[in-house]
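Commentary on secondary and tertiary structure
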Amino acid sequence: MATKLSTKEKEAVSIPPSRKLLVGPEDIDVQRINVIQKQSDLVQDAPVGSIYINRSQMLVSEEGDTLPVTVIKGDKMWKEDIPYDSDEIPRFAHTHEEYLALKEDSDYEVIECADITVLLTQPEGESNPEAYPYPLGDLKVNVGKFHVHKDAYRCTYKRLATYETFNPSQPVWALKWKFGTELIKKGKYTWYVPTLVSTEDKSSKEIMEFCENIWEVA
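Residues numbered from 1 in each chain as written. Predicted model: local features only at pLDDT ≥ 70, side-chain atom pairs only at ≥ 80, totals over all residues. Heavy atoms only, no water.

1. Quick word on the overall build of the protein chain
Each helix and strand in the protein chain was counted, giving 5 helices and 10 strands. Across the 218 residues that make up the protein chain, the buried fraction comes to 38%. Considering only residue pairs separated by 6 or more positions, the protein chain has 61% of its internal contacts joining residues 24 or more positions apart. For the protein chain, the accessible area works out to roughly 14,400 Å², and carbon and sulfur atoms hold 50% of it. (Helix = DSSP H or I, 4+ residues; strand = E, 2+ residues; numbered from the N terminus. Buried < 20%, exposed > 50% of the residue type's maximum accessible area, 1.4 Å probe, protein only. Contact = heavy atoms within 4.5 Å. Areas by Shrake-Rupley, 256 points an atom, 1.4 Å probe, with all protein chains shown as cover.)

Shown next, in the form of structure tokens:
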């Protein structure tokens, strides 16, 4: 004869196991973003001045072309300005105190630099599930990060810092930024740097909530 379950046993049986993963900011898959230079071998046959994510998906095709992005975070640092063709690995400082100590100890100039994390939104009318694999409301998005120093630092992080200085009550992710590249010329040398230009377009509610939840992603 079948045994009747108690009320507590019925409740225990009806509760499904949790389907949520144990996730921290360090678990977010933040893809590397690169600007393609003349001598770059990161992506075969890639246009000079274009921007790629994960060395496989083109985001910006050429200088003058831009992609709307949301800036999630900018991590300012300092590093030794070691010559490009050197085998030495630069040392980094993450606080002002560390910067002063590194500046005192290093044989090289110590310069400002930053890692900038952005939310990439698939342009309307396009479909690229490899470049924009994640749903966010009605949008398809991805998360990427790029490193900047010198002219690239000036064209990105300094613009973010200036905006935040004049708008202290509004985070940088509250609006869209135009992400592209700019050609820099100094003497006989030329190269492309990433650029961020503010717009008047406001971020959606879904994007605002996303950035507020993961803004500390490294």
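2. Notes on the side chain of Asp-115
By secondary structure assignment, the location of Asp-115 is in strand β6 (residues 110-121). Despite its burial, Asp-115 pairs with no opposite charge, the nearest such side chain being Lys-145 at 4.5 Å. Polar side-chain contacts of Asp-115 include one of 2.8 Å to the side chain of His-147. The contacts of Asp-115, once residues within four sequence positions are left out, are Lys-73, Gly-74, Asp-75, Met-77, Lys-145, Phe-146 and His-147. (Lys, Arg positive; Asp, Glu negative; His and termini not counted. Salt bridge = Lys/Arg side-chain N within 4 Å of Asp/Glu carboxyl O. Polar contact = N/O pair within 3.5 Å; in protein donor to acceptor, adjacent residues only side chain to side chain.)

3. Observations regarding the packing of aromatic side chains
Under the counting rule described, the total for this entry stands at 4 aromatic pairs. With 5.3 Å between their ring centres and 25° between their planes, Tyr-153 and Tyr-157 make a pair best called stacked. Considering the side-chain rings of Tyr-163 and Trp-177, the 5.6 Å spacing of their centres and the 80° angle between planes classify their relative orientation as edge-to-face. Residue Tyr-163 is located in helix α4 (residues 157-166), and its partner Trp-177 is located in strand β9 (residues 175-186); the two are separated by 14 residues in the primary sequence. In terms of burial, Tyr-163 and Trp-177 fall into one category: buried. (Phe/Tyr/Trp six-rings, centres within 6.5 Å; stacked < 30°, edge-to-face > 60°.)

4. Things to note about unusual backbone geometry
Of note in this structure, Asp-45 is not a glycine but carries a positive phi near 60°. With respect to the helices and strands, Asp-45 occurs in the loop between β1 (31-35) and β2 (51-53). Phi at Asn-54 takes a positive value of approximately 60°, unusual for a residue other than glycine. Here Asn-54 is to be found in the loop between β2 and β3 (57-60).

5. Overview of the environment of Asp-75
Summarising the element assignment, Asp-75 is placed in strand β4 (residues 67-80). For Asp-75, a relative accessible area of 26% gives the class partly exposed. It is 5.1 Å that separates the C-alpha atoms of Asp-75 and Asp-115, two residues lying 40 residues apart in sequence. With residues near it in sequence (within four places) discarded, Asp-75 still touches Cys-113, Ala-114, Asp-115 and Tyr-157.

6. With respect to the nonpolar core
Ile-116, Leu-120, Trp-177 and Leu-196 are the most contacted members of the largest nonpolar core, which totals 31 residues. Aside from chain neighbours lying at most four places away, what touches Ile-116 is Val-71, Lys-73, Gly-74, Gly-144, Lys-145, Phe-146, Val-148, Thr-156, Tyr-157, Leu-160 and Leu-196. Counting 10 residues, the second largest nonpolar core, distinct from the first, contains Leu-119, Leu-136, Val-141 and Cys-211. (Core = buried A, V, L, I, M, F, W, Y, C linked by side-chain atoms within 4.5 Å.)

7. A short note on the pattern of salt bridges
Scanning the model with the defined rule gives 7 salt bridges in all. For the salt bridge of Arg-154 with Asp-151, the shortest nitrogen-to-oxygen distance reads 3.2 Å. Separated by 3 residues within a single helix, Arg-154 and Asp-151 lie in helix α3 (residues 151-154), roughly one turn from each other. By relative accessible area, which is 12% here, Asp-151 ends up buried.

8. Observations concerning the pairing of strand β10 (residues 189-202)
Relative to β10, β9 is paired through 11 bridges, and the arrangement is antiparallel. Considered in β10, the bridge of Glu-182 is made with Val-193. Hairpin connection from β9 to β10: 2 residues lie between these consecutive antiparallel strands, with Gly-187 at a positive phi of about 65°. (Pairing = 2+ DSSP bridges.)

Any functional reading would require information beyond the geometric quantities listed.
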